[in-house]
Amino acid sequence: MEYSPHCHSTQPVKNKLFVFCIMLSLWVYMLYCCAGYCCTTPTFMMEERDSRNPPRPLQKQDLEMFLKSQSRDLLNNESDADSKGDGWEENKGDVVYDEDSGVAGALNGSETKKLPQAIIIGVKKGGTRALLEFLRLHPDIRAVGAEPHFFDRNYEKGLEWYRELMPETQEGQLTMEKTPSYFVTKEVPGRIHAMSKDTKLIVVVRDPVTRAISDYTQTRSKKPDIPSFESLTFKNITANLIDTSWSAVQIGMYARHLEQWLQFFPMSQLLFVSGERLISDPAGEMARVQHFLGLRREVTHKHFHFNPAKGFPCLKRPEGNSKPHCLGKTKGRTHPNIDPDVIQRLQDFYKPFNKKFYQMTGHDFGWD
Ligand SMILES: Nc1ncnc2c1ncn2[C@@H]1O[C@H](COP(=O)(O)OS(=O)(=O)O)[C@@H](OP(=O)(O)O)[C@H]1O
């Protein structure tokens, strides 16, 4: 085998040259990145790729798009308009005023999903959507828009499924949801108690006769061919026998339903909001609710504007010039005219239930 001194002397030089080339390419690449042209480093992920446009920070629309895609998933599972949480007439995205803080929290990783500490449990057609939307104006409240129906229809899916539905919250913010059917579902008090015995429970109640008519009006809007309210109310009209198995009637027997809740929760953990006062004095009723939730009074008369055409209070930003937002067409429907004699008989039927309810809650709601 031939000995070659030349070969031995050139090898280290070649190696050095090779290392130098690699170092040089790395330096060039780093300079290129620092000049802003590199699109593979995480820092620049949110920027426009086009170097002619300035970098764009994460914006409100990005989060709204994300939230909309989430709520669409829930929409697909629900049939009732309110279950979808889409009660607003216009600029629905603007209703949740505090999304920006959500973006900040999401970016610094300080947000987590929590099980609700307070729930609006009822009653159907009481004004639950209005209350939830009013509460969402509060910076310390985050609420899921759609009705999760976890404790009555989806319980087998488990608490982790439920938690996943919740919005992210920062330290000190309350998580809330509303599902009006909870109040009248026998299994629900025990199930909520099993989640947390400290859960605060809010019930929006309304004159049970008007509530029944509102309930009927909603059903008729979906099934126009149903029998009249008058005929559904009675099992036997001549015997004056009211059909208490009809849900529109049954839901209004508030004292009966409340008894179930008191087997698990003390009265101090329940707040009863007057559906009537939520319309005539929303700021006053909201003061009670914020106090009950241990929150400072942020939602005040400045947030409300009575809309005479709609006949209801609508929401406005106190500092902005934007138009007030009213709840959508499914809230505040025109009720059919009901035979006054039937209304009187229903009022008589509810009288003892109302009386008992006033005694239990220590509050006369003035329905009689
Ligand atoms: N601010 C405001 N705007 C519109 N509507 C308002 C408002 N406050 C309370 N209400 C009353 O809310 C009633 C509907 O109640 P819910 O939201 O609980 O209905 S549901 O059970 O979720 O379907 C709805 O009942 P109807 O009038 O029978 O449609 C309203 O009377």
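Counting of residues starts from 1 at the beginning of each chain's written sequence and follows it residue by residue. Since the coordinates come from a predicted model, pLDDT governs what is reported: local features require at least 70, and pairs of side-chain atoms require 80 or more to be given and counted, while whole-chain, interface and lining totals use all residues. Hydrogens and water molecules were not included; the side-chain quantities draw on all heavy atoms of the structure.

A.B. asks: For this particular structure, what's the right way to read the environment of Gly284?
C.D. replies: Helix numbers and strand numbers start at the N terminus; a helix is a DSSP run of H or I with at least 4 residues, a strand a run of E with at least 2. Mapped onto the elements, Gly284 comes out in helix H13 (residues 282-292). Here's how the labels work: a residue is buried when its accessible area is under 20% of the maximum for its type, exposed when over 50%, partly exposed in between, all with a 1.4 Å probe on protein chains only. What makes Gly284 partly exposed here is its relative accessible area of 28%. Taking the C-alpha atoms as reference, Gly284 lies 7.9 Å from Thr300; in sequence the two are 16 residues apart.

A.B. asks: Please clarify how the sheet that holds strand E9 (residues 270-274) should be interpreted in this entry.
C.D. replies: Whether parallel or antiparallel, the strands of a sheet pair through hydrogen bonds between backbone atoms. A pair of strands is treated as paired once DSSP finds two or more bridges between them. Pairing is parallel across the open sheet formed by 5 strands, whose spatial order is E3-E5-E2-E6-E9. For this open sheet the edge positions go to strand E3 (141-143) and E9, each flanked by a neighbour on one side alone. Within this sheet the neighbouring strands show an average axis-to-axis angle of 25 degrees, counted without direction. As judged from the 4 bridges shared by strand E2 (residues 118-122) and strand E6 (residues 200-205), these two strands associate in the parallel manner. Only the contacting stretch of a helix is used when fitting its axis, a line to C-alpha atoms as for every element, and angles between N-to-C directions run 0 to 180 degrees.

A.B. asks: Where do I start with the pattern of salt bridges in this structure?
C.D. replies: Close approach of charged atoms lets side chains of opposite charge pair. A carboxyl oxygen of Asp or Glu within 4 Å of a side-chain nitrogen of Lys or Arg is what we treat as a salt bridge. All chains considered together, the criterion is met by 15 salt bridges. The salt bridge partner of Lys124 is Asp215, with a shortest N-O separation of 2.9 Å. Placement of Lys124 in the loop between E2 and helix H5 (128-135) and of Asp215 in helix H8 (residues 208-222) is noted, with a sequence separation of 91 residues between them. On the basis of relative accessibility, which here comes to 29%, the residue Lys124 falls in the partly exposed class. Taking the relative accessible area as the measure of exposure, Asp215 reaches 2% and is therefore buried. Of the charged contacts, one joins Asp281 and Arg277 as a salt bridge, the two residues approaching to 3.1 Å between their closest N and O atoms. Judged by relative accessible area, Asp281 falls into the partly exposed class, the value being 27%. Ionic contacts of the salt-bridge type, sharing partners, join the residues Arg277, Asp281, Glu285 and Arg288 into one network.

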